[in-house]
Amino acid sequence: MDKDSLAVVHPQLRVSGLDGLRVVDASIFPSMIGGNTNAAVVMVAEKAAAMINGRSPLAASPYQGERN
């Protein structure tokens, strides 16, 4: 992920210029999604918890659902 020099929050969810503060909510989304934000915010929180605890991210897995 590229780092935006004007961004207030870094990709690690740290706030620029403040030590020990992270933002973990929908305000970090570059654009708002068109539906319920609950699932997206939960996933951001899971990612933040993994980063804070030093766990590596889960590997991507291909979609195994039904295709038309």
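Shown above is the structure to which this text applies.
Cut-offs applied
- Residues numbered from 1 in each chain as written.
- Predicted model: local features only at pLDDT ≥ 70, side-chain atom pairs only at ≥ 80, totals over all residues.
- Heavy atoms only, no water.
- Helix = DSSP H or I, 4+ residues; strand = E, 2+ residues; numbered from the N terminus.
- Buried < 20%, exposed > 50% of the residue type's maximum accessible area, 1.4 Å probe, protein only.
- Contact = heavy atoms within 4.5 Å.
- Areas by Shrake-Rupley, 256 points an atom, 1.4 Å probe, with all protein chains shown as cover.
- Expected span 1.5 Å × (residues − 1).
- Arc of directions from axis to C-beta.

J.: Explain the overall build of the chain here, please?
T.: Scanning the chain from N- to C-terminus turns up one helix and zero strands. Summarising its shape, the C-alpha atoms of the chain cover approximately 50 × 30 × 25 Å along the three principal directions. A buried classification covers 12% of the 68 residues belonging to the chain. When contacts within the chain are restricted to residue pairs at least 6 apart in sequence, those whose partners lie at least 24 apart make up 18%. In the form shown here, the chain has an accessible surface area of approximately 5900 Å², with 55% of it arising from carbon and sulfur atoms.

J.: I would appreciate a short explanation of helix 1 (residues 38–52) in the present structure.
T.: Along an α-helix, residues three or four apart share an orientation, since each turn contains 3.6 residues. With 15 residues, helix 1 extends 21 Å from end C-alpha to end C-alpha; this agrees with the ideal 21 Å at 1.5 Å per step. Here helix 1 has its buried residues at V44, A48 and A50. All buried residues of helix 1 lie within an arc of 160 degrees about the axis, which places them on one face of the element. Those residues of helix 1 that are exposed and angled more than 90 degrees off the buried face are A39 and M43. Once helix 1 ends, the next one or two residues include G54, with phi positive near 80 degrees.

J.: I keep staring at the environment of S56 and nothing clicks. Help me out?
T.: Along the chain, S56 falls in the segment after helix 1. For the pair S56 and A7, spaced 49 residues apart in the sequence, the C-alpha separation amounts to 24 Å.

J.: I keep staring at unusual backbone geometry and nothing clicks. Help me out?
T.: Positioned with a positive phi, L13 is a non-glycine residue whose angle comes to about 70 degrees. The topology assignment puts L13 in the segment before helix 1. Using a relative accessible area of 7% as the deciding quantity, one classes L13 as buried.

J.: Which parts of the structure should I look at to understand the environment of S31?
T.: In this structure, S31 sits in the segment before helix 1. A residue is classified by how much of its surface remains accessible, and S31, at 52% relative accessible area, is exposed. Residues S31 and L6, spaced 25 residues apart in sequence, show a C-alpha to C-alpha distance of 16 Å.

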